[in-house]
Amino acid sequence: MNLLIKKDILSEDEARFYIAETLLALDSVHKLHYIHRDLKPDNILIDKDGHIKLSDFGLCKHTELRPKKLNEPPAKKEESTVSTAASKRKTILDPK
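The rules behind each value
- Residues numbered from 1 in each chain as written.
- Predicted model: local features only at pLDDT ≥ 70, side-chain atom pairs only at ≥ 80, totals over all residues.
- Heavy atoms only, no water.
- Phe/Tyr/Trp six-rings, centres within 6.5 Å; stacked < 30°, edge-to-face > 60°.
- Buried < 20%, exposed > 50% of the residue type's maximum accessible area, 1.4 Å probe, protein only.
- Core = buried A, V, L, I, M, F, W, Y, C linked by side-chain atoms within 4.5 Å.
- Helix = DSSP H or I, 4+ residues; strand = E, 2+ residues; numbered from the N terminus.
- Contact = heavy atoms within 4.5 Å.
- Salt bridge = Lys/Arg side-chain N within 4 Å of Asp/Glu carboxyl O.

Asker: Can you walk me through the packing of aromatic side chains in this structure?
Answerer: Each aromatic ring pair is specified by the distance between its two centres and by the angle formed by the two planes. Evaluated as defined, the whole model comprises 1 aromatic pair. Taking the centre distance of 5.2 Å and the plane angle of 75 degrees together, the rings of Phe 17 and Tyr 18 count as edge-to-face. Exposure remark for Phe 17: the relative accessible area of 35% places this residue in the partly exposed category.

If you want it as C-alpha cells, here you go:
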C-alpha cells in the first residue's frame, strides 16, 4: 500500500511485475488447497528485495477442491441425502 501512496501510479512494467508476483503467490497458496478470501492491497507486502509476500490469512479456508482440467467430462452429481422433518413425515404417511 505504501508503494501506491508514494508513487500514485505504477509504470506498466512495474504493474506487470507486481501482478505476476501476486498471481504466483496465490498459485502457491492454491496448490496447498487454501483460498485466501481477503486479498486486497493492504495484504500484499513487498519484501526488502522487492518481491511480493501475502499476509493476513485469518479468513483463509482449506478446501479439497481440485481445479477442473480442460476437456474433462463433468463430474456426476451425487444425490442429496439431506432430509427434513417434513419429508420424513410425508414418507411415513405416503410411502410411494
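Asker: Teacher, can you tell me more about the nonpolar core here?
Answerer: Nonpolar side chains in soluble globular proteins tend to be buried together. Counting 6 residues, the largest nonpolar core is built from Tyr 18, Ala 25, Leu 26, Val 29, Ile 52 and Leu 54. It is helix 2 (residues 12-31) that contributes the most residues to this core, 4 residues altogether. In this view, Ile 52 contacts Tyr 18, Glu 21, Thr 22, Ala 25, Ile 44, Leu 45 and Ile 46; residues no more than four positions away in its chain are not counted.

Asker: Explain the pattern of salt bridges to me, please; I cannot follow it from the model alone.
Answerer: Oppositely charged side chains are able to pair whenever their charged atoms sit close together. Considering all chains together, one arrives at 6 salt bridges under this definition. A salt bridge links Glu 14 to Lys 7, with the nearest nitrogen and oxygen atoms 2.5 Å apart. One salt bridge in this structure joins Glu 12 and Arg 16, with 2.6 Å as the shortest N-O distance. With Glu 12 and Arg 16 both in helix 2, this residue pair falls 4 residues apart, about one helical turn. By sharing partners, the salt bridges in this structure join Glu 12, Asp 13 and Arg 16 into a single network.

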